Amino acid sequence: MATVTRFAPSPTGNLHVGNIRTALHNWMLAKKAGGRFLLRIDDTDAERSREEYVDGIRADLAWLGLNPDGEERQSVRLAIYQEAFDRLEAAGRVYPCWETAQELDLKRKVALGRGLPPIYDRAALALTEAEKGAKLAAGEQPHWRFLLDREEPIAWVDGVRGPQKFDPATMSDPVVRRADGSWLYMLPSVIDDVAMGVTQVLRGEDHVSNTATQIQMFTALGATPPAFAHEALLVGSEGKLSKRLGSLGCAAFREQGIEPEALVALLARLGTSQPVEPVADRDALVAGFDLGTFGRAPARFDDEELARLNSAIIHQLPFARVAESLPAGMDEAAWLALRPNLSVLTDAADWWQVVTGPVSVPSLEADDRAYLAQAAAAIAEAGTDWSALTTRLKASTGRKGKPLFMPLRLALTGREHGPEMAALLPLIGADEARARLQRAAG
Ligand code: GLU
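Residues numbered from 1 in each chain as written. Predicted model: local features only at pLDDT ≥ 70, side-chain atom pairs only at ≥ 80, totals over all residues. Heavy atoms only, no water.

### Examining the overall build of the chain
So, step 1. Helix and strand counts for the chain stand at 19 helices and 12 strands.
So, step 2. For 442 residues, the compact-globule formula gives about 22 Å, and the C-alpha radius of gyration of the chain, at 32 Å, lies well above that figure.
So, step 3. Principal-axis analysis of the C-alpha atoms gives the chain an extent of 110 × 45 × 40 Å.
So, step 4. A total of 442 residues make up the chain; the buried ones form 48% of that total.
So, step 5. In the chain, the proportion of contacts linking residues at least 24 apart, taken out of those at least 6 apart, comes to 73%.
So, step 6. As presented, the chain carries roughly 20,800 Å² of accessible surface, and 52% of it is formed by carbon and sulfur atoms.
So, step 7. The averaged location of the 59 negative side-chain charges in the chain is 3 Å from the averaged location of its 49 positive side-chain charges. (Helix = DSSP H or I, 4+ residues; strand = E, 2+ residues; numbered from the N terminus. Rg over C-alpha atoms; globule rule 2.2 N^0.38 Å. Buried < 20%, exposed > 50% of the residue type's maximum accessible area, 1.4 Å probe, protein only. Contact = heavy atoms within 4.5 Å. Areas by Shrake-Rupley, 256 points an atom, 1.4 Å probe, with all protein chains shown as cover. Lys, Arg positive; Asp, Glu negative; His and termini not counted. Charge placed at Lys NZ, Arg CZ, Asp CG, Glu CD.)

### Concerning the sheet that holds strand E8 (residues 175-177)
So, step 1. Taken in spatial order, the three strands make up an open sheet running E4-E5-E8, and their pairing is antiparallel. Edge positions in the open sheet fall to strand E4 (94-97) and E8, since each of these has one partner strand only. Taken pair by pair, the neighbouring strands of this sheet meet at an average axis angle of 45°, ignoring direction.
So, step 2. When strand E5 (residues 143-146) meets E8, the two strands line up antiparallel, connected through two bridges. Within E8, the residue paired with Trp144 across the bridge is Arg177.
So, step 3. Against the sheet, helix H3 (residues 78-90) contacts E4, E5 and E8, and its axis sits at roughly 90° relative to E4. (Pairing = 2+ DSSP bridges. Axes fitted to C-alpha atoms, helices over the stretch in contact; angles between N-to-C directions.)

### What about the layout of surface pockets?
Remark: the empty space left among the atoms is shown by a probe the size of a water molecule rolled over them.
So, step 1. When its volume is computed, the largest pocket comes out at roughly 670 Å³.
So, step 2. Surrounding the largest pocket, 31 residues form its lining, His16, Asn19, Thr22, Asp206 and His207 being those nearest its centre.
So, step 3. Contributing elements (two or more residues each) for the lining of the largest pocket: strand E1 (4-7), helix H1 (17-32) and strand E9 (200-204).
So, step 4. Along the lines of polarity and charge, the residues of the lining of the largest pocket split into 12 nonpolar, 13 polar and six charged. (1 Å grid on protein atoms, 1.4 Å probe; cavity = no way out; pocket = protein on both sides within 12 Å on 5 of 7 lines; lining within 4 Å. Points joined across faces, edges and corners; volume = space filled by probe spheres on them. Nonpolar A, V, L, I, M, F, W, Y, C, P; charged D, E, K, R; others polar.)

### A closer look at the site of the ligand
So, step 1. Arg6, Ala8, Ser10, Asp42, Tyr185, Ser189, Arg203 and His207 make up every residue found near the ligand.
So, step 2. Contacts to the ligand include Arg6, whose side-chain N or O atom sits 2.7 Å from an oxygen atom.
So, step 3. Between the ligand and the protein, one listed contact pairs a nitrogen atom with a side-chain N or O atom of Asp42 at 2.6 Å.
So, step 4. When atoms are counted within 2 Å of each cavity's grid points, the one that captures over half of the ligand is the largest pocket.
So, step 5. In terms of residue class, the shell around the ligand is made up of two nonpolar, three polar and three charged. (Near = heavy atom within 4 Å. Polar contact = N/O pair within 3.5 Å; in protein donor to acceptor, adjacent residues only side chain to side chain. Sits in = over half its atoms within 2 Å of the grid points.)

### Structural notes on the packing of aromatic side chains
So, step 1. A complete count under the given rule lists nine aromatic pairs for this structure.
So, step 2. Ring centres of Phe289 and Phe294 lie 5.6 Å apart, and the angle between their planes is 75°; on these two criteria the pair is classed as edge-to-face.
So, step 3. Residue Phe294 is classed as buried on the basis of its relative accessible area, which comes to 6%.
So, step 4. Taken together, the ring pairs connect Tyr81, Phe85, Trp144 and Trp183 into an aromatic cluster.
So, step 5. Directly above the aromatic system of Tyr120 lies the positively charged group of Arg145, at a separation of 3.8 Å from the ring centroid.
So, step 6. The ring of Phe85 has Arg177 lying over it, and the distance from NZ or CZ to the ring centre is 4.8 Å. (Phe/Tyr/Trp six-rings, centres within 6.5 Å; stacked < 30°, edge-to-face > 60°. Lys NZ or Arg CZ within 6 Å of the ring centre and 35° of its normal.)

### With respect to the pairing of strand E6 (residues 154-158)
So, step 1. Because side chains alternate across E6, one face comprises the buried residues Ile154, Trp156 and Asp158, and the other comprises Ala155 and Val157, none of which is buried.
So, step 2. As judged from the five bridges shared by E6 and strand E7 (residues 162-166), these two strands associate in the antiparallel manner. Note that in E7 the partner of Val157 across the bridge is Pro163.
So, step 3. As consecutive antiparallel partners, E6 and E7 are separated by three residues.

### Here we look at the side chain of Thr211
So, step 1. Along the chain, Thr211 turns up in helix H7 (residues 208-220).
So, step 2. Judged by its relative accessible area of 0%, Thr211 falls in the buried class.
So, step 3. Those residues within four positions of Thr211 in sequence are excluded, and the remaining contacts are Trp156, Arg203, Phe228 and His230.

Structural data, given as structure tokens:
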């Protein structure tokens, strides 16, 4: 059976780093198996869902290079949910309830007071047809619960957490539909996973108990549940669930100059036993993807680790990948010369300005100025061959080490540090280099 995974965000906000990680892992799982990765927009909550967030989710996935093989929207599938719901109702697996939130709260407190698990007591199941009819006649719309099969123990082998067991006798029948007819997340998700042939559900461990109830929903719908895996949540570098991570998304990463390759390389391996490395080759990450390497401890997200990875990734990016983001005129040779010095791509403009000039040079001592005049003359013979130039100057002046190199670097770039001069000098060109050396010589 071909692998089908899905990423199912609710468009009630922008994707944050935790969602991005879930999306990535589902994408990788599908790619590794040669299967399909679906984007499912969970927009049954009409009030909180926004079209701008749907667009944002699509744009973020495109930026990350996680292109879905198909897109579905829950808001256009309401008739399908109704049909499945009718079947469940006919089979007695969903039932109407009329308790108010206050009544339920009271029931919970009473149960706790008696030392019982605070689960719904199924009082609504005891209502007679006449009682239900009277409520409906009075215009009281019910909400609906899914009837758990308390005889059927719930167990699955989780792709990350290993064997899992839940006792349905300790669980409340979940509400699946509100009194206004709108859907809660649980049942439509199952109906869709069946309809879309989803074979693997990979999501955060905050969904583990949902999985327990959803497994019974699959069975109630006559379907075989997919394989489930729940990954440990992402925490801040201080080890706590952080509010900041909950709003940290692609826009902020872009603003910080983080490249999608860096984010992908980090999130692909964070929380696994595989080392986080600056792997820009996505196929290599996919080939190594293995749920069996995921740990159960929370994965720590560290901005500094991401920044380090980002510069290491930038140092590998080919010209074709970055050409559009580079300053006009900057060619492949310039990119290759400058990229080892960049921590973010926008730094390229800065170094390109050093290449094209003008550069301002700090004032130098008289002997350094005389040395630079000699260097300007030497350019005529050595051209832009840095090694030939410095070998020549070393022989003619007796300078070596810093006194040999630093005045040249200062005169040519206006800075004490930067890319290899051997790579930079040909970019500056012989004429411009001579002019800069002469200017610095005064
Ligand atoms: N819309 C749900 C969420 O964002 C989907 C969960 C799932 O993957 O089943 O939590």
